[in-house]
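# Coordinate inspection notes
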Amino acid sequence: MDRFIIRGGRRLEGEIVIGGAKNAGLKLMVAGLLTADRLILSNVPKIADIETMQTLLRQHGIAVDPVDAEGRTLSIGGPITSVEAPYDIVSKMRASILVLGPLLARAREARVSLPGGCAIGTRPVDLHLKGLETLGATIRLENGYINASAPNGLVGDRILLPFASVGATENLLMAATLAKGRTEIVNAAREPEIGDLVECLNRMGARIAGAGTGTLVIDGVEALTGAEHAIMADRIECGTYACAAGITGGDLRLIGGRVRDLGAVVRTLEEAGVEVLEEENAIRVRRTGALRGVDIMTEPYPGFPTDMQAQFMAMLAVADGASMVTETIFENRFMHVPELNRMGARINVHGSSAIIRGVGHLSGAPVMATDLRASFSLILAGLGAQGETSLSRIYHLDRGYEAVDRKLSAVGADIERLSDDR
């Protein structure tokens, strides 16, 4: 099992290319289930979750072929030969649940294992299932599997989500593209990745209006066709490297990043003393003074994203004054706190809130990753710490971040990846 060795105290300066968005790319790949034609996706990130999704699509009979030598452009499509998404694949990645809606819409049946993924909370799938039942599906839970059928096809209806669930919005949106009549999803999630999915689906012949708002209106069509689409840049990766500039007092140009995708992250960076400048096809992020404590509450987009909470907590651990981070999305997303405290942070958790009292510096220590975003929070802590940090269980990180050691080394970090046999 690999680990990172990070020797902190270096200021980061230079350029980092932001890759394609994990949270967009996975859903766009699933959209390939909706047509027998070829969907060509470019700007595909080279991460473990993308590999897992390729395996799952091939399980369904869908061909996934690289178009270029690096595999950053994929051709996806073909007949569905199996409607089962087995436990051994789905347990590796929670986004696998998103094959449910497209399988139902095109093949009119599906058998999908209840999902796995990072252990950051329960994240129930009941909104997905209730929404699909509203569209006419019959659903049974049996032996750890979701068994769903719609022998006469799905039928459009009005779906009111009790909260703006990203996954449920995406699953129901894709299912509705092939349903008979009109579907209205009210209180839909508004994340930029959903807008990217809508753009791609419309290129495939779907009829969807309302992207970026709380109401999506989908007029079902008989069939979708192939299309070409470039995956948007990863706003979470962009925000993560912005925090790297913040904690090291650095100056980074993040190629491909867009201010409009970051929502509340930009405002929070600036409140904390990190300057954010929009340039042509890039964001420049730099810190010239001291970090300041800020209060954060995670919320659906355009609020502060839960996927940035851990990274900001690492940065705020060395800010002047106190900060409070309140987590409203997932109930178990403070597992990185004990590891940060091992490095000298002063963080106390009270229910869904964490109080951070800034310290002068962190100290390198052996630490362990607990989930995807927590992994990078500990890298950030190591970059800003005095001494050497050893981060183990980095397979979590590989699920969502590409070439971390290479990207950070190129801008001045002292970081290396080692195998246990070394």
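We now turn to the structure provided with this report.

### Here we look at the overall build of the chain
- Looking only at helices and strands, the chain has 15 helices and 24 strands in total.
- The C-alpha radius of gyration computed for the chain amounts to 21 Å, which stays within 12% of the reference 22 Å derived for 422 residues, consistent with globular compactness.
- Once local pairs closer than 6 in sequence are excluded, the contacts in the chain between residues at least 24 apart make up 74%.
- Accessible surface for the chain amounts to roughly 15,800 Å². Of this, 47% is attributable to carbon and sulfur atoms.

### Observations regarding helix 8 (residues 235-248)
- Here helix 8 is 14 residues long and its end C-alpha atoms lie 20 Å apart, about the 20 Å a rise of 1.5 Å per residue gives.
- Taking the backbone nitrogen of isoleucine 236 as reference, a side-chain oxygen 2.9 Å away marks aspartate 234 as the first, capping residue of helix 8.
- Just beyond helix 8, the residue with positive phi is glycine 249, at close to 65°.

### What about the packing of aromatic side chains?
- For the structure shown, the criterion picks out three aromatic pairs.
- Ring centres of tyrosine 241 and phenylalanine 376 lie 5.4 Å apart, and the angle between their planes is 85°; this geometry places the pair in the edge-to-face category. Of this pair, tyrosine 241 sits in helix 8 while phenylalanine 376 sits in helix 13 (residues 372-384), and the two are 135 residues apart along the sequence.
- Taking the relative accessible area as the measure of exposure, tyrosine 241 reaches 0% and is therefore buried.
- Using a relative accessible area of 0% as the deciding quantity, one classes phenylalanine 376 as buried.
- An aromatic cluster of at least three residues, connected via ring pairs, comprises Tyr241, Phe376 and Tyr401.
- Taking NZ or CZ as reference, arginine 111 lies 3.9 Å from the ring centre of tyrosine 145, over its face.

### Remarks on the nonpolar core
- Counting residues in hydrophobic clusters, the biggest one holds 76 residues, and the most contacted among them are Leu100, Leu154, Leu173 and Leu201.
- Here this core takes six residues from helix 6 (residues 166-176), the largest share from any one element.
- The contacts of leucine 201, once residues within four sequence positions are left out, are Ala31, Leu34, Leu173, Met174, Thr177, Ala206, Ile208 and Leu224.
- With 70 residues, the next largest nonpolar core counts Phe312, Val318, Val325 and Phe376 among its residues.

### Some remarks on the packing of helix 4 (residues 100-107) against helix 6
- Helix 6 packs onto helix 4 with a crossing angle of 10° between their chain directions and a minimal axis gap of 7 Å. For the element pair helix 4 / helix 6, the angle class is roughly parallel. Of the residues in helix 6, those touching helix 4 at Leu100, Gly101, Pro102 and Ala105 are Asn171, Met174 and Ala175.

### Some remarks on the side chain of threonine 35
- Tracing the chain through its elements places threonine 35 in the loop between helix 1 (22-30) and strand 3 (39-42).
- Judged by its relative accessible area of 1%, threonine 35 is buried.
- Among the polar contacts made by the side chain of threonine 35, one reaches the main-chain carbonyl oxygen of leucine 224 at a distance of 2.8 Å.
- The residues contacting threonine 35, other than those within four sequence positions of it, are Gly77, Gly78, Arg106, Met204, Leu224, Thr225 and Gly226.

### A closer look at the state of the cysteines
- If you walk through the whole model with that rule in mind, you get zero disulfides.
- Just so you know, cysteine 243 is unpaired, no disulfide at all, and the nearest cysteine sulfur is the one on cysteine 238, 10 Å from it.
- Residue cysteine 243 is classed as buried on the basis of its relative accessible area of 0%.

Criteria and thresholds
- Residues numbered from 1 in each chain as written.
- Predicted model: local features only at pLDDT ≥ 70, side-chain atom pairs only at ≥ 80, totals over all residues.
- Heavy atoms only, no water.
- Helix = DSSP H or I, 4+ residues; strand = E, 2+ residues; numbered from the N terminus.
- Rg over C-alpha atoms; globule rule 2.2 N^0.38 Å.
- Contact = heavy atoms within 4.5 Å.
- Areas by Shrake-Rupley, 256 points an atom, 1.4 Å probe, with all protein chains shown as cover.
- Expected span 1.5 Å × (residues − 1).
- Polar contact = N/O pair within 3.5 Å; in protein donor to acceptor, adjacent residues only side chain to side chain.
- Phe/Tyr/Trp six-rings, centres within 6.5 Å; stacked < 30°, edge-to-face > 60°.
- Buried < 20%, exposed > 50% of the residue type's maximum accessible area, 1.4 Å probe, protein only.
- Lys NZ or Arg CZ within 6 Å of the ring centre and 35° of its normal.
- Core = buried A, V, L, I, M, F, W, Y, C linked by side-chain atoms within 4.5 Å.
- Axes fitted to C-alpha atoms, helices over the stretch in contact; angles between N-to-C directions.
- Parallel < 35°, antiparallel > 145°, perpendicular 65-115°, else oblique.
- Disulfide = S-S within 2.5 Å.

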